[in-house]
Amino acid sequence: MRILFLGDVVGISGSSKIKENLLSQLKINKIDFVIVNAENADETGVGLTKEICEDFFKCGVDVITTGNHVWDQKDIMSFIDKENRLLRPKNLFEPAPGKGFEIYTTKNIKIGVLNLMGNVFMKKCDDVFETAKKFMGNYKLKEDYDFLIVDFHGEITSEKNAIGHYFDGKATLVVGTHTHIPTNDARVLNNGTAYQTDAGMCGDYDSVIGMNKINSINKFMKKDSIKHYPAKGEATLSGVIVDCNIETGLANKVYSYIFGGQLSKN
Ligand code: FE2
């Protein structure tokens, strides 16, 4: 089985690239299951809406994960309890709407998807390592699911690296999100878990992490700027593809995935 994970979709640029290309990309790359972090997919660049989720499901997305911006478009708070395929970080302070883990079945194969958020330089949430420890005590690869995909939404590379090793041998893929910049370290760890520190974004890279570059520079220079908005050029789709081993539940191989826009290698 081959799974595609796509990093944070940013604004209209990222959303339309997915809507226009995902179905054909899934065919070309022989993808069986797709997870997308869409917490920046709204036209404002923060949050997501019911309509965005439904559009993504129509064009081949199986599961949507999120992060610190999950509640920025308020309507999502009531939608998330009705939509099994939309996750928020599991370690948000409870009570919170929605859930951070679910098991999905496709072609008789059970795929667990776990959404976690880091503690360093992020909104306050429960200790992610304690949450991960408890999770691994309750769920086991090849017992509860055939494959486990972990989206770790975090700011710093060391915390992401540590979570990757913590899950090594117990997850199929651990991939970071949130920084919007893909890292060049896709690999299979010693005990068989595929890992990349950050998947990068699905957005316009002629920008500052997906937002208009002039506004971003002005913001850093503490100059007044007009309302901040996402960059509108052609998006690159960024993420990872993992070839999964049905016998072990672990990864045979992992590849960085880059399609279109400024980062395209094609
Ligand atoms: Fe984020």
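### A closer look at a nonpolar patch on the surface
Working step 1: Among the surface-exposed residues, Ile217, Phe220 and Met221 lie close enough to one another that they form a single nonpolar patch of about 370 Å² accessible area.
Working step 2: With respect to the helices and strands, Met221 occurs in the loop between helix 6 (213-220) and strand 10 (237-244).
Working step 3: When its relative accessible area of 52% is taken as the criterion, Met221 is described as exposed.

### Side note on the pattern of salt bridges
Working step 1: With the rule as written, the count across this model stands at 13 salt bridges.
Working step 2: The salt bridge involving Glu234 is made with Lys17; its shortest N-O contact spans 2.6 Å. Taken together, the positions of Glu234 in the loop between helix 6 and strand 10 and Lys17 in helix 1 (residues 11-28) put the pair 217 residues apart, joining distant regions of the chain.
Working step 3: Glu234 gets classed as partly exposed once you look at its relative accessible area, which sits at 49%.
Working step 4: Where Asp55 meets Lys58, a salt bridge forms, and the shortest distance between an N and an O atom there is 4.0 Å. Remark: Lys58 and Asp55 occur in helix 2 (residues 50-58); sequence separation between them is three residues, near one turn of the helix.
Working step 5: Take Asp55: its relative accessible area is 26%, and that puts it in the partly exposed class.
Working step 6: Accessibility expressed as a relative area gives 66% for Lys58, which makes it exposed.

### Overview of the coordination of the iron ion
Working step 1: Taken together, Glu39 (OE), Asn68 (OD1), His153 (NE2) and His178 (ND1) make up the full set of protein donors to the iron ion, lying 2.0 to 2.2 Å away.
Working step 2: Of note is the iron ion, whose four donor atoms meet at the metal with angles of 84 to 173° in an arrangement that counts as irregular.
Working step 3: Donor residues for the iron ion, ordered by position in the chain, follow E-x28-N-x84-H-x24-H. Residue Glu39 is found in the loop between strand 2 (33-37) and helix 2, and its partner Asn68 is found in the loop between strand 3 (63-65) and helix 3 (76-79); the two are separated by 29 residues along the sequence.
Working step 4: Judged by relative accessible area, which is 0%, Glu39 ranks as buried.
Working step 5: The buried category is assigned to Asn68, whose relative accessible area is 13%.

### Brief notes about the pairing of strand 6 (residues 147-153)
Side-chain direction in a regular strand flips from residue to residue, so the side chains alternate between the two faces of the sheet.
Working step 1: The buried fraction of strand 6 amounts to seven of the seven residues, a majority that puts the element mostly inside the structure.
Working step 2: Residues of strand 6 alternate between two faces, with Phe147, Ile149, Asp151 and His153 on one and Leu148, Val150 and Phe152 on the opposite face, all of them buried.
Working step 3: Direction of pairing for strand 5 (residues 109-117) relative to strand 6: parallel, over a ladder of seven bridges. What sits directly across from Leu114, in strand 6, is Val150.
Working step 4: Running through helix 4 (residues 128-138), the crossover from strand 5 to the neighbouring parallel element strand 6 is right-handed.
Working step 5: With five bridges joining them, strand 6 and strand 7 (residues 173-177) adopt parallel strand pairing. Across the sheet, the residue bridging to Phe152 is Gly176, located in strand 7.
Working step 6: Viewed along the sheet, the connection from strand 6 through helix 5 (residues 157-166) into strand 7 turns out right-handed.

### Here's the deal with the side chain of Ser13
Working step 1: If you trace the backbone, Ser13 turns up in helix 1.
Working step 2: Overall, the relative accessible area of 9% leaves Ser13 in the buried class.
Working step 3: If we ignore the near neighbours within four places in the chain, the residues touching Ser13 are Gly203, Asp204, Ala231, Lys232, Gly233, Glu234 and Ala235.

### Considering the layout of surface pockets
Working step 1: Empty space within the largest pocket amounts to approximately 380 Å³.
Working step 2: Val208, Ile209, Met211, Lys219 and His228 are the residues nearest the centre of the largest pocket, which is lined by 16 residues in total.
Working step 3: What lines the second largest pocket is a set of 14 residues, among which Lys90, Asn91, Glu94, Thr131 and Lys134 lie closest to the centre.
Working step 4: At four residues, helix 4 tops the list of elements feeding residues into the lining of the second largest pocket.
Working step 5: Residues that form the lining of the second largest pocket fall into these classes: four nonpolar, four polar and six charged.

The rules behind the values
- Residues numbered from 1 in each chain as written.
- Predicted model: local features only at pLDDT ≥ 70, side-chain atom pairs only at ≥ 80, totals over all residues.
- Heavy atoms only, no water.
- Patch = residues over 30% accessible without salt bridge, like charges linked within 9 Å, V, L, I, M, F, W, Y side chains within 5 Å.
- Areas by Shrake-Rupley, 256 points an atom, 1.4 Å probe, with all protein chains shown as cover.
- Salt bridge = Lys/Arg side-chain N within 4 Å of Asp/Glu carboxyl O.
- Helix = DSSP H or I, 4+ residues; strand = E, 2+ residues; numbered from the N terminus.
- Buried < 20%, exposed > 50% of the residue type's maximum accessible area, 1.4 Å probe, protein only.
- Donors = N, O, S within 2.8 Å, 3.2 Å for Na, K, Ca; no water.
- Tetrahedral: all angles 85-135°; square planar, octahedral: opposite > 155°, others 65-115°.
- Pairing = 2+ DSSP bridges.
- Right-handed = clockwise from strand over helix to strand, strands pointing away.
- Contact = heavy atoms within 4.5 Å.
- 1 Å grid on protein atoms, 1.4 Å probe; cavity = no way out; pocket = protein on both sides within 12 Å on 5 of 7 lines; lining within 4 Å.
- Points joined across faces, edges and corners; volume = space filled by probe spheres on them.
- Nonpolar A, V, L, I, M, F, W, Y, C, P; charged D, E, K, R; others polar.

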